[in-house]
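Listed below are the residues making up each chain.
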Amino acid sequence: MYPQKRSSHPNPVLLRLAVCCLHILTLMAAFAHGQSGATNSPDDDKIVADFGSRVKSYVESRKKAGGTAKPTKESAELAKHKKETKAKVRSERADAKQGDIFAPEIAAYFRRQLAAALTGPKGGEIRASLRHAEPVAPVPLKVNESYPAGLALQSTPPSLLLNLPRLPKGLEYRIVGHDLVLHDSVTNLIVDLIPDALPNT
Amino acid sequence: MLAVWLSVGCFAGVANLLGTAAIGAPRAFPQSGLQGQAALLEQVSGSAPEIKLPLLPKSVRFAVIGDSGTGERAQYEVAKEMEIYRGKVGFDFVIMLGDNIYGRHQPKDFLQKFELPYKPLLDAGVKFYASLGNHDDPNDERLYKPFNMGGERYYSFQKGDVGFFVLDSNYMDPAQLDWLEKTLHDSKAKWKICYFHHPLYSDGKYHGPDLDLRAQVLPIFKRNGVNVVFSGHEHVYERLKPEEGIHYFILGNSGKLMTHDFRSRENMEVGLDSDRGFMIVEIAGDYLYFQAISRVGQTIDSGKVARQEN
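Residues numbered from 1 in each chain as written. Chains lettered and ligands numbered in written order. Predicted model: local features only at pLDDT ≥ 70, side-chain atom pairs only at ≥ 80, totals over all residues. Heavy atoms only, no water.

Looking now at the confidence of the model for chain A. Residue and element names in this part refer to chain A. Predicted confidence across chain A gives a mean pLDDT of 82, with 80% of residues reaching 70 or more. Highest mean pLDDT in chain A belongs to strand β3 (residues 189-194) (97); lowest belongs to helix α1 (residues 12-32) (42). Confidence over residues 17-37 falls short of pLDDT 50; this stretch has 18 contacts with residues more than four positions distant or in other chains. (pLDDT = per-residue confidence, 0-100. Helix = DSSP H or I, 4+ residues; strand = E, 2+ residues; numbered from the N terminus. Contact = heavy atoms within 4.5 Å.)

What follows is about the pattern of salt bridges. All names here are of chain B. Under the criterion given, the structure shown has 28 salt bridges over all chains. Of the charged contacts, one joins K182 and D186 as a salt bridge, the two residues approaching to 2.7 Å between their closest N and O atoms. In this pair, K182 and D186 are both assigned in helix α7 (residues 174-186), 4 residues apart and thus about one turn of the helix distant. The exposure class of K182 is exposed, given its relative accessible area of 53%. By relative accessible area, which is 38% here, D186 ends up partly exposed. (Salt bridge = Lys/Arg side-chain N within 4 Å of Asp/Glu carboxyl O. Buried < 20%, exposed > 50% of the residue type's maximum accessible area, 1.4 Å probe, protein only.)

Residues and elements named next belong to chain B. Sheet analysis places strand β5 (residues 155-159) next to strand β6 (residues 162-166), joined by 5 bridges and oriented antiparallel. Looking across to β6, one finds that F157 is bridged to F164. What sits between β5 and β6 in their antiparallel hairpin is a turn of 2 residues, with G160 showing a positive phi close to 60°. (Pairing = 2+ DSSP bridges.)

Residues and elements named next belong to chain A. End to end, helix α4 (residues 104-119) covers 22 Å across 16 residues, agreeing with the expected 22 Å (1.5 Å per residue, within 8%). Within the span of α4, buried status applies to I106, A107, Y109, F110, Q113, L114, A116, A117 and L118. As for α4, its buried residues are in contact with α2 (42-65), α5 (123-132), α6 (158-161), β1 (171-176), β2 (179-184) and β3. (Expected span 1.5 Å × (residues − 1).)

Below, the discussion takes up the environment of K108(B). For K108(B), the location among the structural elements is in helix α4 (residues 107-115). Once the C-alpha coordinates of K108(B) and V281(B) are considered, the two residues, 173 residues apart in sequence, prove to be 31 Å apart.

Many structure descriptions define interface size as the accessible area lost when the parts assemble. Contact with chain B, which involves 39 residues of that partner, is made by 41 residues of chain A. For chain B, the biggest contributors to the area lost against chain A are L143(B), Y171(B) and D212(B); these three give 21% of the whole. For the salt bridge of D178(B) with R166(A), the shortest nitrogen-to-oxygen distance reads 3.1 Å. The interface formed by chain B and chain A holds 14 residue pairs in polar contact (both at pLDDT 80 or more) in total. In terms of residue count, helix α8 (residues 211-223) of chain B provides more of the side of chain B that touches chain A than any other element does, 5 residues in total. Split into classes, the residues belonging to the side of chain B that touches chain A amount to 16 nonpolar, 12 polar and 11 charged. (Buried area = accessible area lost by both parts, 1.4 Å probe. Polar contact = N/O pair within 3.5 Å; in protein donor to acceptor, adjacent residues only side chain to side chain. Nonpolar A, V, L, I, M, F, W, Y, C, P; charged D, E, K, R; others polar.)

A few words now on the side chain of Q291(B). Residue and element names in this part refer to chain B. Within the element layout of this structure, Q291 appears in strand β13 (residues 287-294). Here the side chain of Q291 touches E50 through a polar contact of 2.5 Å, landing on its backbone oxygen. Separated by 2.9 Å, the side chains of Q291 and T299 make a polar contact. The contacts of Q291, once residues within four sequence positions are left out, are E50, I51, K52, L53, Y85, F278, M279, I280, T299, D301 and S302.

Attention now goes to the sheet that holds β1(A). Residues and elements named next belong to chain A. A sheet is described by the order of its strands in space; here 3 strands give the open sequence β1-β2-β3, paired in antiparallel fashion. Among the strands making up the open sheet, the edge pair consists of β1 and β3. Across the sheet, the axes of successive neighbouring strands diverge by a mean angle of 30°, strand direction being ignored. Both β1 and β2 contribute to a ladder of 6 bridges, which runs antiparallel. Counterpart to R174 in the pairing with β2 is V181. (Axes fitted to C-alpha atoms, helices over the stretch in contact; angles between N-to-C directions.)

Moving on, we come to helix α3 (residues 75-92) of chain A. Residues and elements named next belong to chain A. Here α3 spans 26 Å end to end across 18 residues, near enough to the 26 Å set by a 1.5 Å rise per residue. Along α3, the positions that sit buried rather than exposed are S75, L78, K82, T85, K86 and V89. The buried side chains of α3 occupy one side of the element, clustering within an arc of 105° when seen end-on. In α3, the exposed positions angled more than 90 degrees off the buried face are occupied by K80, K83 and S91. (Arc of directions from axis to C-beta.)

To continue, consider the sheet that holds strand β7 (residues 191-195) of chain B. Residue and element names in this part refer to chain B. The 7 strands lie next to each other as β5-β6-β7-β8-β10-β9-β11, forming an open sheet whose pairing is mixed. The two strands at the open ends of the sheet, each matched to only one other strand, are β5 and β11 (268-272). Going from strand to strand, the sheet's axes swing by 15° on average, the running direction of each strand aside. As paired elements, strand β9 (residues 237-240) and β11 share 4 bridges and run antiparallel to each other. Bridging from a neighbouring strand, Y237 pairs with L272 of β11.

The subject of this paragraph is the environment of L211(B). In this fold, L211(B) is placed in helix α8. Each C-alpha atom, one on L211(B) and one on Y201(B), is 8.3 Å from the other, the two residues being 10 residues apart in sequence. Excluding residues that lie within four positions of it along the chain, L211(B) makes contacts with E125(A), A128(A) and S129(A).

In this section: the packing of aromatic side chains. Residue and element names in this part refer to chain B. Under the counting rule described, the total for this entry stands at 28 aromatic pairs over all chains. When the centroid spacing of 5.3 Å and the interplanar angle of 45° are considered together, the rings of Y118 and F128 count as tilted. With a gap of 10 residues between them, Y118 in the loop between α4 and α5 (119-123) and F128 in strand β4 (residues 127-130) connect regions that are remote in the sequence. Judged by relative accessible area, which is 1%, F128 ranks as buried. (Phe/Tyr/Trp six-rings, centres within 6.5 Å; stacked < 30°, edge-to-face > 60°.)

Rendered as structure tokens:
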């Protein structure tokens, strides 16, 4: 909102400064609340914290199982390390099921965030990026199983990521069809997923 | 002010067919997927490499490949041509624009789709600096030492006065955006070159530009004086019209090829969608010289770009 013009003559420099400050404050507020401009309620903050602790627990179990390999020129060593780590993580999480990390309240929060991003000011660009990025056709995905070998990973639009909680290194949000997948790039395992997470817009 | 000067090839007929202007200003690619062009290219193959770079002392010289890792014959042919040109130009590193290994990522894939085709270059000590494409395995490739990624999805390195900022455009998360802003800002490099897989501008009809990626990274590029951007993904060669002082190249045809892929010439200076290729680049002082070369060793495009204080 711009300051009203008054009958007395205000200092134009001060006026410009005030307008600039307003713009900066608006931008900062928009950034803090994500691209959609949606504000996290205290309940949302609790949900995000709960999600964070579930993710942390998964990352710790993966670290125990072998963690990330060291850089090497031997691709066979990388393949061996990944295979062994994956087997240990899968064994450790043998009972893992869909919703362990994306529990119902958490999944509902993610759906809201995704919908807000897709219907917000960046929605058109996000949808265009999803369409242009070589969309991955729906494939059967299962928690604690590998992401299909050789299948391209669709890029995740940056404006979408700005609306979701940050993840530790090695974990990624990936869009597969309309599903949101929590993908562990270290082991290539599907940690959890939300089916039909993206709204039909 | 940036200025582009386009050189005139010896094979003026081929150059015209390929869209390179015969004299002076660059011209849009007149036709795509030309059969006659392929035949003409076959005729000129086998001739001595025609070098359009000035080969100045102490310059930074490198090659560019994108969407290379098919393991098919055409990739090997491009690689062979790269080796021929390296003998003349002496580039000592190659930047990779993603899709470095298509399909599975078993040891035999790294062998057939990277180590064998580029063996002469690797044996000569040429270093490869990879960025990740949507067909790459982000874990295995960042840890694969011959790709020189230092174990990271995104990273930077410097050669002489030239800073290279290598991004993972598959997953441009807030952490990477923060890193990009800070790393570009802190860099004292005279030239700032960003490269990554998904193009911000493209006349390709298969993928086109990534609008959301552009909306997030372009303001950072502008704020921090990026001069040149290289991308792949679209399986063609395209040099785009400069946008606000930044020059854009797409090179996604070093292994894959998508013929008849240009939907328009709206943003195009020069394009090729009928053969595979690679590029060689030389940077000396305030000028970047480029030469795009086809699978059969023919010059597709060449010129020079003056550095602008962005």
